[in-house]
Each structure stands twice: as C-alpha cells, then as structure tokens.
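# A structural walkthrough
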Amino acid sequence: MSTSEKKPTILETIYAQRAKDVEVAKSTPGTTPEDLSTLLQMNLAPPLIQVVPRLKRNPSTSSSSSSPSLMAEIKRASPSKGPIAMTTNVAQQALTYALSGASVISVLTEPTWFKGSLFDMRLVRQAIDALPDRPAVLRKEFILDEYQIMEARLWGADTVLLIVAMLSQERLETLYHYSLSLGMEPLVEVNNADEMRRALGLGSKMIGVNNRNLHNFEVDMGTTSRLVEMVKERDLVLCALSGIKGPEDVRVYKEEGVKAVLVGEALMRAEDTGKFIRELLDWPEIKTQGEGEKNRERTWVKVTGVRSESEAISLTETGTDILSFVFDPQEKTYVKPEEAAPISSKIRAARLSPSASAAVSPYLRSTPWFTAQLGTLTATYARPLLVGVFNKQPLAYIQHTVAISQLDLVQLNGDEPSGWTAHIPVPVIRQFTVAKNESPSQEITRPGVHSFCLLDVQGGREAVGELQRVVEKGEVPGWRMPVILRASGIEEEALVDIIRSLDPWAVDLDLEIGVLDVVKRVKGL
Ligand SMILES: O=P(O)(O)OC[C@@H](O)[C@@H](O)c1c[nH]c2ccccc12
C-alpha cells in the first residue's frame, strides 16, 4: 500500500484495519496459522466445487441466446451506502439466490463496514450444501494474507476475491498461487487497464471489472465496457461488478460479451428476489413441481411384502410403481435375499412398462434436494422400482442384500444411524413413525441425508394433519417435497380422502387380500 502523507482513501483505511484484524486472529489460541494449516492437512475443509465451470452454467445457457450468469451477493451494509438490509437472514437469502439460478453466491465477510462475518459465509454454504449443482461460494473480502485464504477454505468458500488495487504484484502473485494450491481459482478484481494487464499476467481465469473505484467509491458503468476488448479471444470469464440496477445495465454487457454480472445492493433491496433476477438477466422462468398441480401425475403406489414372482407380476400389471421386499426376519412377509433375487431379475428383465411415468421436473439442476432426488430416480426407470425394507439389520447385511437382490432402493425402518446412507450404494427411503399427539421429527425434512421419506401414520387423520404441517414447514416455498405415505390399515375411502387432501407422491400398502383393487382405485384417481 502507498504510504503517502495524504488522507488515506477508503480502500487504504479498510486495508489497514483488516491487516490488524488478521494479526489478532493469528495470535488467538485455536486459530493460529499453525492451527489452520493442521485443519487443512486433516482435510477438515468441506468439499469444493470448481467455480469457473459452474459460472458457465445458468438457467439460460441451454437456449440459443444465452444471458450472463449471476454472482449474487449477500451485503448487509457498505461504506458508501451504510445499512442496506440489516434484518435479512443470510441463509434464507442464499437459498433464494440459489433457487433463482445464481451460479455464485458472494458473501461479504468484512465486519466493520460491511457487517459481514465468516459465520455468515458458513451459513450460506450450509443453506445450499445439499442442492444438486449448488452455486459456488465466494469469500468477498479484502485479502492481503494467505491466512485469510485458509480461513475461506475452512469456512466453506469455493473461491476468494483478490483486489489488484490493494496488492503489490508480488503479493498478488503469491496469494493467487496460494489460492490455486488450495483448489480455488480466485476472482481477480480490476478497475482500469493497468490493473487488467496485471491480472492477465497472472493467467487468471476469472476477472471481475469493478465499476466502483474502491479509493473514492465513484461508480462508472463504462469501466467494464472499456476493458472488454483486452480480454477478447482469451479463455477466461469476464464479470462486471457493482452498480448494476436493472435489465438495461445487463443488456449492454451481454452485447459486449460479458459472461457474468455481480450484483449486491439491488438484490438485497429487491422485493421479489426471484422475479427481479429473472427480469434482470432475461432468464426463462424456472418451473417448480408444485406449479403443475392441476395436471400432476397420478399418485404412485408402493406395495410391501412381495414374496413371489406371480405376485410381483400381477402387481406390476395392475400399475404398481414400487415393489418392496421385507428383509426383516421378524415380519411375516420376510424373504431371504436369495429368494428375492430371481423375482428381482424377472422384473428387471421384463421391462414391463408401468402405467405411471413420473412427473420429471424440467429444472432438476435448480431444485432442492428432495424434489431433485425424485426427478433423478424417476427419469431412470421404465419398470417398477425394487425396494428392500430393513429394520435394524447390520449395515454389511444391507449392502450384501442390495447386491444379491439387485435393489433400486433401500428402506430403513429402524433407528439406524443416518450416516449409514453414505455407505449404502442406492438411494435410501427413511421411515418416520408419527403417533397421535406426537410432534413429527424435524429430521424428516433435513436435506442431504435420506433421499425419500416414508411417513407411517399411526395416529389416524389427526396425525396426518400434523404431518402435513411439518412437511410444509420444511418445504421451500414453491417446491413440494415428495412424500411416501404409509397407509396400511386405513380403509379405502379414508385413504382416497387423504390422497386428495395431502397429495403425497406415493402411498405404501401392505400386500394383502384386496390390494390389487386398492391399487386400481388409487391409480384411477
Ligand atoms: O452492491 P453493488 O453495487 O451491486 O456492488 C456489489 C459488489 O460489486 C461490491 O460489493 C464489491 C465489488 N468489489 C468489492 C470489494 C470489496 C467489497 C465489496 C466489493
């Protein structure tokens, strides 16, 4: 930094404060540089995604006139504007950005002027972690020391910002390469042609032109436009940063070939964030499954307790979508893996076309966890799915059975540890039992662990209502969570009633006399 006699610029002031902050953190027991490097060596940092490929995908990239990608920023306050959105919940805001199609979520972690923190960034990461094709997380910070890059990686960033204007070329190069060594391609920020040359000299793959001069905070939207020529024909993503307020701004950049825009304040102030983003970038509407309500596919039927080939075939012909084998010796419909195997291969080979083919979301990439699990699963099959039901059997037995009986899914009915799902090679359905006057577990809606939930309602209609509330609470607005409702013991008319009011993805019936009629009735609804 320059040490002129003049009054320091805003950037110089922030730099000086951040340098002090870093020294404090470094000398705090538990967060010394040695501690952080030990944590990294232990591989305790969460998994990374590569920001550049992610930045090349957005909801319009499959169309012929693709629009820029979005780096959406979490920004509570700023030195030039003061408070911007002090009460916004950053996790919710991040999820909204992600579901609206953002490729990167930028989080300001500077506490004094921007009112941000590493905790904010961690929450952002947690909020979007289980999304298929989640956005990358950018630590928006005044980075002057490798220490801050270690912090970024440990707290869940996929990339960091490097501001050319506040770094000597030597420091810039060191920090750039250090970030690469941790697997993160940094966003290198420039504000004029000279800084652009320095960024290009690094071999940067992602350069942001800041329209705001960080020394005096003046915004000139032409800054990006003037530098576009310098990167033509180069294999890098050019992003326009700051001052972007509306579609007109983006349209100009799009025509000039700018591939991404970073927007903070305008997004934090938007009333309907999703709509604002769509209009800003001229993106197509992202369809949600809930919206297709009127012409939704029929309720799926799962039948549990299959023991013979003939049962399996007649169920399939009647339109059953999921066949379950029970591998719990305590149950009267228990089958051995060797007995299930030939039934399974018959069903697989027959490729009988089931009557239901699922509603597959056209926007799997942007959907939350459970909806996406459903889309992935139902896109794959043209025959009933084969499920193995377990209740407290050992993990090794489950794994063995999946292989022997060629299962598509595993259902866990006992209190097996949720960590087992990572060791079971097929998607897991987790059964939750809900009794009368009991509040259902919040775990039902936890994304990233089980792929589907089966709700066993033993408390009759009242418990169904209770359940409905929990599921709805866990749902992201606009998205429906696919639920399998265990409806055994519920008489047919009540079942039809429940299907109409709750509209579950599937119902689970026991294989007993008359089941074929119930299957027909449900499929005909
Ligand atoms: O809120 P705006 O005008 O959309 O700007 C966002 C972003 O560009 C800005 O936050 C920013 C760009 N470079 C920075 C460096 C440090 C802190 C903040 C920034």
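Treat the numbers as computed from the prediction; the structure is a model and nothing was measured.

## Quick notes on the overall build of the protein
- A count of helices and strands for the protein gives 19 helices and 18 strands.
- The principal-axis extents of the C-alpha atoms in the protein amount to approximately 90 × 50 × 45 Å.
- In the protein, buried positions account for 54% of the 525 residues.
- Across the protein, every contact between residues at least 6 apart in sequence was considered, and the portion connecting residues at least 24 apart equals 66%.
- Looking at the protein as shown, the accessible area adds up to about 22900 Å², and 51% of this sits on carbon and sulfur atoms.
- Treating the 59 positive side-chain charges of the protein as one cloud and the 67 negative ones as another, the clouds have centres 2 Å apart.

## Things to note about the nonpolar core
- In this structure, L70, Y97, I105, M196, L238 and C239 are the most contacted members of the largest nonpolar core, which totals 96 residues.
- When residues in this core are grouped by element, the largest group, six residues, is from helix α4 (residues 90-99).
- The residues touching L238, leaving out its near neighbours within four places in the chain, are M196, I207, V209, V228, V231, V258, K259 and A260.
- Formed by 51 residues, the second largest nonpolar core is a distinct cluster that contains V301, V434, L485 and L502.

## A word on the environment of W283
- When you line up the elements, W283 lands in the loop between α12 (273-281) and β11 (300-304).
- In this structure the C-alpha to C-alpha distance between W283 and S63, which are 220 residues apart in sequence, comes to 9.7 Å.
- Apart from residues no more than four positions distant in its own chain, W283 is found in contact with N58, P59, S60, S67, P68, S69, L70, S100, G101, A102, I277 and R278.
- Among the polar contacts listed, one links the side chain of W283 to the backbone oxygen of P68, at a separation of 3.3 Å.

## Quick look at the site of the ligand
- Around the ligand, the structure places 18 residues, and the nearest of them are E73, K75, E189, S242 and G264.
- K75 places a polar side-chain atom, nitrogen or oxygen, 2.7 Å from an oxygen atom of the ligand.
- A distance of 3.1 Å separates a nitrogen atom of the ligand from a polar atom in the side chain of N210.
- Burial of the ligand by the surrounding chains reaches 99%, relative to a free accessible area of 440 Å².
- Secondary-structure elements contributing two or more residues to the shell around the ligand are β6 (159-163) and β10 (260-263).
- Considered class by class, the residues forming the shell around the ligand number eight nonpolar, four polar and six charged.

## Quick word on helix α9 (residues 222-231)
- Listed as buried for α9 are T223, T224, L227, V228 and V231. Buried residues along α9 cover an arc of 140 degrees about the axis, so they all sit on one side. Exposed positions of α9 whose direction lies more than 90 degrees from the buried face are R226 and E229.
- With its phi angle positive at about 70 degrees, E233 sits one or two positions after the end of α9.

## Things to note about the UniProt feature "domain: Indole-3-glycerol phosphate synthase" (unreviewed entry) in the protein
- UniProt's entry tags residues 11-280 with the feature "domain: Indole-3-glycerol phosphate synthase" (unreviewed entry), counted in the numbering of this structure.
- Each end of residues 11-280 is marked by a C-alpha atom, and these two atoms are 29 Å apart; helix forms 43% of the span and strand 16%.

## Let's talk about the pattern of salt bridges
- Under the defined criterion, the tally for this structure stands at 30 salt bridges.
- With a closest N to O distance of 2.7 Å, R57 and D133 form a salt bridge. Of this pair, R57 sits in the loop between α3 (51-55) and β1 (69-74) while D133 sits in the loop between α5 (118-128) and β5 (136-140); the two residues are 76 residues apart in sequence, bridging distant segments of the chain.
- For D133, a relative accessible area of 26% gives the class partly exposed.

## A short note on the sheet that holds strand β7 (residues 187-190)
- Strands sit in the order β1-β4-β5-β6-β7-β8-β9-β10 around a closed barrel of eight strands; the barrel is parallel. Across the sheet, the axes of successive neighbouring strands diverge by a mean angle of 25 degrees, strand direction being ignored.
- Where β1 meets strand β4 (residues 104-108), four bridges bridge the pair, whose relative direction is parallel. The partner of I74 across the bridge, within β4, is V107.
- The sheet contacts of α5 involve β1, β4 and β5, and relative to β5 the element is tilted by about 170 degrees.

## Section: helix α16 (residues 395-404)
- Along α16, the residues classified as buried are L395, I398, T401 and V402. For α16, the arc enclosing every buried residue in end-on projection is 125 degrees, short of the 170-degree limit, so these residues lie on one face.
- Where α16 is buried, its residues contact α14 (337-350), β13 (385-390) and β14 (409-412).
- Count one or two residues on from α16 and you reach Q406, which has phi positive near 50 degrees.

Reading the values: rules and limits
- Residues numbered from 1 in each chain as written.
- Predicted model: local features only at pLDDT ≥ 70, side-chain atom pairs only at ≥ 80, totals over all residues.
- Heavy atoms only, no water.
- Helix = DSSP H or I, 4+ residues; strand = E, 2+ residues; numbered from the N terminus.
- Buried < 20%, exposed > 50% of the residue type's maximum accessible area, 1.4 Å probe, protein only.
- Contact = heavy atoms within 4.5 Å.
- Areas by Shrake-Rupley, 256 points an atom, 1.4 Å probe, with all protein chains shown as cover.
- Lys, Arg positive; Asp, Glu negative; His and termini not counted.
- Charge placed at Lys NZ, Arg CZ, Asp CG, Glu CD.
- Core = buried A, V, L, I, M, F, W, Y, C linked by side-chain atoms within 4.5 Å.
- Polar contact = N/O pair within 3.5 Å; in protein donor to acceptor, adjacent residues only side chain to side chain.
- Near = heavy atom within 4 Å.
- Nonpolar A, V, L, I, M, F, W, Y, C, P; charged D, E, K, R; others polar.
- Arc of directions from axis to C-beta.
- UniProt positions renumbered as here; feature names shortened; annotations may be inferred.
- Salt bridge = Lys/Arg side-chain N within 4 Å of Asp/Glu carboxyl O.
- Pairing = 2+ DSSP bridges.
- Axes fitted to C-alpha atoms, helices over the stretch in contact; angles between N-to-C directions.

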